[in-house]
Amino acid sequence: IRTPDIERVGKTSRHGTYFEMLGNFSFGDYFKHEATAWAWEFITKELELPVDRLWISIYENDDETFDIWTKEIGIPADRIVRLGKEDNFWEIGSGPCGPCSEIYFDRGEEFGCGKPGCAVGCDCDRFVEFWNLVFSQFNSDGNGNYAPMEHPNIDTGMGLERLACIMQQVDNLFEVDTVQNIIQIAGVTYKEDDKTDVSLRVITDHIRSTTFMIADGVTPSNEGRGYVLRRLLRRAARHGRLLGINEPFLYQVVDTVVKENEIAYPELLQKQAFIKKVIKTEEENFNSTIGKGMELLNQLIDRFESHEFSNNCLPGEQVFKLYDTFGFPIDLTKEILSEKNIELDESG
């Protein structure tokens, strides 16, 4: 479960909070040469993806990996893109880190943004990164100092949903075979209206995440992973309201999530009743607070649009009252305001 891109879920074809990652790890048995060769073999021989639609990215000054791809694997130099630290260097604080090499699939111009510079690394949906080879070869002290590791290691990650999207030649993650039934929510038709589609995709993604989180023992709370769960459920419930669903409904969608995943995850079936109970209770609690909160937030938005507040910004103390007195979540307020292009005095 991963939430840094939560605001983009539903708006693009590739972002989600729920990931099934396929990976392999080595702590000293093999390194760059083998991991690179095996990745390429699996993609081109087993999956038979067309070579002319595959692109490679490497860390900007990782010449060793460039030589492996060009001299050993036979990738033309013009199919390899060098990207900076933000894209192609894996690091979280202090500890093991290193450059990475990603494999992209070109879905075609129809998925692109149409800009002249559209290429690997562009933020549109044309070039989809589906495989990441992380070469952990340094130990970082967290202050910009990198010491070579005695035993460099491999951490490979491949996104199952992204790969399925490519293999099944569907438009986005929400149309692959194990997900498409979940998006059939409350009789709302998919692919008729762009705004409706965003809401359907958000709900589909979030109900998958929350079902698995509860199965793994996470319960809603106001901190840590319990708050991630609560945030996802509330966000999904709000998008239900945007579709005109004002009653608890997410708990019913759990049945479809379980049915689509029970072969690989039998624990979902065992815990199905409990998962539904937790989600229904959270939905009911949220419903009791969201009505009053939405009413007050809409009043604030009306006052903002009447130019009642200075600095073209919604005052922080007003929004805090929504949260403190009425329990209306700050992240939900921020999302609603961003949809209306209204800025919030967050520090206030």
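Data block above holds the structure.
Rules and cut-offs
Residues numbered from 1 in each chain as written. Predicted model: local features only at pLDDT ≥ 70, side-chain atom pairs only at ≥ 80, totals over all residues. Heavy atoms only, no water. Phe/Tyr/Trp six-rings, centres within 6.5 Å; stacked < 30°, edge-to-face > 60°. Helix = DSSP H or I, 4+ residues; strand = E, 2+ residues; numbered from the N terminus. Buried < 20%, exposed > 50% of the residue type's maximum accessible area, 1.4 Å probe, protein only. Pairing = 2+ DSSP bridges.

*Asks:* Where do I start with the packing of aromatic side chains in this structure?
*Replies:* The description of an aromatic ring pair rests on the distance of the ring centres and on the angle between the ring planes. In the structure shown here, the tally under the stated rule is 11 aromatic pairs. Residues Tyr18 and Phe212 carry aromatic rings whose centres are separated by 4.9 Å and whose planes lie at 45° to one another, so their mutual orientation is tilted. In this pair, Tyr18 sits in the segment before strand 1 (21-22) while Phe212 sits in helix 5 (residues 194-215), placing the two residues 194 residues apart along the sequence. Phe212 shares its class with Tyr18; the two are buried. Ring centres of Phe42 and Trp131 lie 6.0 Å apart, and the angle between their planes is 55°; on these two criteria the pair is classed as tilted.

*Asks:* What's the story with the pairing of strand 8 (residues 146-159) in this structure? I'm lost.
*Replies:* Moving residue by residue along a regular strand, the side chains alternate between the two faces of the sheet. Pairing analysis gives two bridges linking strand 1 to strand 8, with the strands arranged antiparallel. When the bridges of strand 8 are listed, Met21 appears paired with Gly159. Here strand 7 (residues 127-140) runs beside strand 8; their pairing, made up of nine bridges, is antiparallel. The residue of strand 8 that forms the bridge with Phe138 is Pro148. The hairpin turn running from strand 7 into strand 8, its antiparallel successor, is five residues long, and Gly142 in that turn takes a positive phi close to 85°.

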